[in-house]
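# Examination of the molecular architecture
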Amino acid sequence: MSTSTPHLASSGAIEIDSDFHQQDSGLSSDDSSLYLSSTQSLASSIHQHIFENGRRYHTYYGPDKNLLPTDEAEQDRLDLHNEIILRLRDGRLCDAPIATNPHRILDIGTGTGIWAIDMADKYPSAEVLGIDISPIQPSWVPPNCRFEMDDVELEWTHQAGTFDLIHARNIAPSISNWPKVMAEMYRCTKPGGWVELSEFGAELFSDDGTVKPDSPLNVAVQLTKKAMAAIDRPFPVAGTLKKRLEDAGFVDVHERIYRQPIGPWPKDPVLKHTGAMALVMLETGIEAYSLAAWTRILKMDPEDSKGKIKASLKAALDKRVHSYNHFYVAYGRRPDEQD
Ligand SMILES: C[S@@+](CC[C@H](N)C(=O)[O-])C[C@H]1O[C@@H](n2cnc3c(N)ncnc32)[C@H](O)[C@@H]1O
């Protein structure tokens, strides 16, 4: 059954496109159930780094602060992920109901700064600041957008009540002390202003039981989940982000759970497109989230890890599997005098 908002987890099973399964994949008979793979190239720049197992990592604030690489492949992946998220949210940059003319917006862990740049374009009234521990942001940006290098787990230098919106997306695997970060977010949000948190979860779902526990993709996801839990930086589940906001004192807290298909198997055109894009993203994304986590935390052998990553990528391309994961979004308002 099809619904008008199939990307939200609350709207029943995702309908599978049966026509799609009859199309010729163009692959050999052995691989006929696999999706064709493809690559994308996006502009990026070179910064200071170390190489490890073929990926480049930024280490200025400590080697394990960000376990994801920051090389060009990762920057391309972040930009593609931004596009996927935009499409899942019907083009909305955030779900928090911010005013039409915000003055100050902060994006923590801004990555390539793509969200901050889009917000600066959308809200010319606002000064948008993106901060990150890696200098991977472009220098040609809108005049109302700028970037700074900083670690959000250190004391914030911003004055209390500065921002109309503070945004944090996909930084959970880097943050050890959420209560401290949330307290700074609360302090620096204007009374009546909003904080929005959004994160992908580390769990594969299927409505028809086609995701098997022993699938190499599922094994990879579970290993990364185990590694991050071992260093007390777990991936969120339903309710995690909402609770973080409530515990910090925010009110009007809401959570939405979006579904991100893996592969173009859904019938719904938006889900089909984002599912196809997710496959492209996973070409480097599985490795990005796995390699350092497995070798540094779980002490796995790099070659064994690469073999598992390759197998998981092949499993992701299996057309018979109708998997998706969750993208959690929660937002809350700092109370003002009227509350
Ligand atoms: C997965 S990327 C997400 C980037 C961006 N938020 C997005 O959604 O496109 C995580 C980013 O958070 C940054 N980061 C990690 N820990 C941080 C910290 N303690 N302070 C500031 N930035 C941090 C990383 O350098 C990386 O660029």
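That block above? That's the structure.
Residue indices begin from 1 for each chain and proceed along its sequence in written order. The predicted origin of the model limits local features to residues at a pLDDT of at least 70 and limits the giving and counting of side-chain atom pairs to 80 or more, whereas totals for whole chains, interfaces and linings rest on all residues. Working from all heavy atoms in the structure, the side-chain values ignore hydrogens and water.

### Quick look at helix H8 (residues 302-316)
Helix length check: H8 (15 residues) gives 21 Å between terminal C-alpha atoms against 21 Å at 1.5 Å per residue, within 8%. Relative accessibility decides the category of a residue: with a 1.4 Å probe and only protein chains considered, values under 20% of the type maximum give buried, values over 50% give exposed, and everything between is partly exposed. Under the scheme used here, helices are H or I runs from DSSP no shorter than 4 residues and strands are E runs no shorter than 2 residues, and both carry numbers assigned from the N terminus. For H8, the full list of buried residues reads Ser305, Ile309, Ser312, Ala315 and Ala316. Each buried residue of H8 lies within a common arc of 120 degrees when the element is viewed along its axis, so the set occupies one face. Opposite the buried face of H8, at more than 90 degrees from it, the exposed residues are Glu303 and Lys310. For a helix, the expected span equals 1.5 Å multiplied by the residue count minus one. Note that the arc is computed from the directions linking the helix axis to the C-beta atoms.

### Notes on the environment of His7
Summarising the element assignment, His7 is placed in the segment before helix H1 (18-22). Taking relative accessible area as the criterion, His7 reaches 6% and is therefore assigned buried. As a C-alpha pair, His7 and Pro261 span 254 residues in sequence and 8.8 Å in three-dimensional space.

### Focus: the side chain of Ser134
Tracing the sequence through the fold places Ser134 in the loop between strand E4 (127-132) and strand E5 (145-149). Polar contacts here mean pairs of N or O atoms no more than 3.5 Å apart (in protein, one a potential hydrogen donor and the other a potential acceptor; neighbouring residues in sequence count only if both atoms are side-chain atoms). A distance of 3.4 Å separates polar atoms of two side chains, one belonging to Ser134 and the other to His58.

### Quick word on the site of the ligand
The ligand sits among 18 residues. The nearest are Gly109, Asp132, Asp151, Val152 and Arg169. Here Asn66 contributes a side-chain N or O atom positioned 3.3 Å from an oxygen atom of the ligand. For the ligand, the protein covers 98% of the area, taking 600 Å² as the surface of the free molecule. Per-class residue counts for the shell around the ligand are six nonpolar, seven polar and five charged. One heavy atom suffices: a residue is near a molecule or strand as soon as one of its heavy atoms comes within 4 Å of it. Areas reported as accessible are Shrake-Rupley estimates using a 1.4 Å probe. Residue values count occlusion only from the protein chains shown. Residues are grouped as follows: nonpolar covers Ala, Val, Leu, Ile, Met, Phe, Trp, Tyr, Cys and Pro; charged covers Asp, Glu, Lys and Arg; every other residue, Gly included, is treated as polar.

### Side note on helix H7 (residues 269-297)
If you check H7, its first and last C-alpha atoms are 39 Å apart, about what 29 residues at 1.5 Å a residue would give, namely 42 Å. Each residue is assigned a bend, namely the angle between axes fitted to the seven residues that terminate at it and the seven residues that start at it. Bending of H7 peaks at approximately 50 degrees at the position of Leu282. Residue Asp268 occupies the N-cap position of H7, its side-chain oxygen lying 3.1 Å from the main-chain nitrogen of Val270. Positive phi appears at Lys299, one or two residues downstream of H7, with a value of about 55 degrees.

### Let's talk about unusual backbone geometry
With a phi angle near 50 degrees, Asn53 is a residue other than glycine that sits in the positive phi range. Along the polypeptide, Asn53 turns up in the loop between strand E1 (50-52) and strand E2 (55-57). Look at Asn53 and you get partly exposed, because its relative accessible area is 26%.

So yeah, pure geometry; function would need other evidence.
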